Amino acid sequence: MKIIAGNWKMNGTAAQLDEMIAAVSNVATRARVILCVPYTLLRAGNANIMIAAQNVSKFDAGAHTGDVSAAQVRATGATATLVGHSEARAALGDTNADVAMRAQNAINNDLMPIICVGETDTERDLGTGADVVRRGVRESVPQNAKNGEFIIAYEPRWAIGRGITPSAPQIMDMHKIIRETLDEMGFDNTPVLYGASVTAQNVRDIINIKNVDGVLVGGASLKKQDFIPIIENAE
Ligand code: 13P
């Protein structure tokens, strides 16, 4: 089963989410659809769509103004969360170890973490992209995680939000590296999503690349006229 995840980033209202949930619920698809929304919109999903947060705290509770815990996210009815998204890593200064703490808190609270890893354009140009991604997986997955408890999303940071799509061989190479790393770690049941500049036009080609189990969609997940065709074309 393929996974189609949308990431609304800092966009959207409750009315727009109502509309999107209704639209997704009307699509006959075998894909699992997940929508990552701002904290203010979190709620329970339904059989057709999982609702997810975009991050959770490293901490359980206490004096952390502005932060939101995994338990608080789970209490809204949401069932998943991004952790380590490149924008959040940049804004919060997260290391892989920080991301692993967030992912562990998600797992502890019955949320499925979607752990994001990816290389910058500088790292790619220096030829260290593969190492950064390998280390990203090794260090951002919590020590005690079990097979099936998390999802990985590969986001080439040089492509996100820029309308740039890596070539199919570039995507295939990186997904192979991630798959091999997960296998070495004993996780043979972990979906790996691709996430940058996915559209209704390119989703079919991307999702059929070896070791791509789904996509993480930013800009094109905001409007139903863009997102619904992505779900339809992902079969
Ligand atoms: P775009 O699809 O807008 O490139 O964003 C990708 C992303 O950040 C998904 O989380």
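Each chain has its residues counted from 1, running along the sequence as written. Local features in a predicted model are, by the rule used here, given only for residues with pLDDT of at least 70; side-chain atom pairs are given and counted only at 80 or more, and totals for whole chains, interfaces and linings are based on all residues. Side-chain metrics rest on all non-hydrogen atoms present in the structure, leaving aside hydrogens and water.

Asker: Please explain the sheet that holds strand β6 (residues 151-154) as it appears in this structure.
Answerer: Paired through their backbone hydrogen bonds, the strands of a sheet run either parallel or antiparallel. The rule for pairing is simple: two strands pair if DSSP sees at least two bridges between them. A run of DSSP states H or I qualifies as a helix once it reaches four residues; a run of E qualifies as a strand once it reaches two. Both are numbered from the N-terminal end. Overall, parallel pairing links the 8 strands, which are arranged β1-β2-β3-β4-β5-β6-β7-β8 in a closed barrel. On average, each strand axis in the sheet is tilted by 30 degrees relative to the strand beside it, whichever way the strands run. Residue contacts follow a heavy-atom distance rule, with two residues in contact if any of their heavy atoms lie within 4.5 Å. Note on geometry: axes are lines fitted to C-alpha atoms, helical ones only across the stretch in contact, with angles between N-to-C directions running from 0 to 180 degrees. In the packing of helix α6 (residues 129-140) onto the sheet, the strands contacted are β5 (112-117) and β6, and the crossing angle to β5 comes to about 150 degrees. Most of the contacts of helix α7 (residues 168-185) go to strand β7 (residues 192-194), to which it runs at about 160 degrees, and overall it touches β5, β6 and β7.

Asker: Explain the nonpolar core to me, please; I cannot follow it from the model alone.
Answerer: The nonpolar side chains of soluble globular proteins are, as a tendency, buried together. Counting residues in hydrophobic clusters, the biggest one holds 64 residues, and the most contacted among them are Ile4, Leu35, Ile152, Ile178 and Phe227. With residues up to four places along the chain from it excluded, the contact list for Ile4 reads Ala31, Arg32, Val33, Ile34, Ile207, Val215, Phe227, Ile230, Ile231 and Ala234. Counting residues in each nonpolar core, the second largest holds 15 residues, with Ala5, Ile34, Cys36 and Ala153 among its members. Think of a nonpolar core as a cluster: buried Ala, Val, Leu, Ile, Met, Phe, Trp, Tyr and Cys residues, connected wherever their side-chain atoms sit within 4.5 Å. Three exposure classes are used, based on accessible area relative to the maximum for each residue type with a 1.4 Å probe and protein chains only: buried under 20%, partly exposed in between, and exposed over 50%.

Asker: How do you make sense of the site of the ligand when you look at a structure like this?
Answerer: Near the ligand, the surroundings consist of Asn7, Lys9, His85, Glu155, Ile160, Gly161, Ala196, Ser197, Leu216, Gly218 and Gly219. Throughout this description, a polar contact denotes any pair of N or O atoms lying within 3.5 Å of each other; where both atoms belong to protein, one of them has to be capable of donating a hydrogen while the other can accept it, and for residues adjacent in sequence the pair is counted only when both atoms sit in side chains. Separating an oxygen atom of the ligand from a side-chain N or O atom of His85 is a distance of 2.9 Å. The backbone of Gly218 places a nitrogen or oxygen atom 2.9 Å from an oxygen atom of the ligand. What sets the accessible areas is the Shrake-Rupley method with a 1.4 Å probe; for residues, cover comes only from the shown protein chains. A total of 310 Å² of accessible area belongs to the ligand in isolation, and the protein chains cover 94% of it. In these notes, residues near a molecule or strand are those with any non-hydrogen atom within 4 Å of it.

Asker: Honestly, the pattern of salt bridges in this entry has me stumped. Any pointers?
Answerer: Working definition: two side chains of opposite charge can pair if their charged atoms are close together. Any carboxyl oxygen of Asp or Glu that lies within 4 Å of a side-chain nitrogen of Lys or Arg is treated as forming a salt bridge with it. According to the stated counting rule, one finds 12 salt bridges in the structure shown. Here Arg74 makes a salt bridge to Asp110, at a shortest N to O gap of 3.7 Å. You can see Arg74 sitting in helix α2 (residues 70-75) and its partner Asp110 sitting in the loop between α4 (96-108) and β5, a full 36 residues away along the chain. Judged by relative accessible area, which is 53%, Asp110 ranks as exposed. Taking the shortest distance from any N to any O, the salt bridge between Arg134 and Asp131 comes out at 2.9 Å. Of this pair, Arg134 and Asp131 both sit in helix α6, 3 residues apart, which is roughly one turn of that helix. On the accessibility criterion, Asp131 (43% relative accessible area) is partly exposed.

Worth remembering: the numbers are spatial, not functional.
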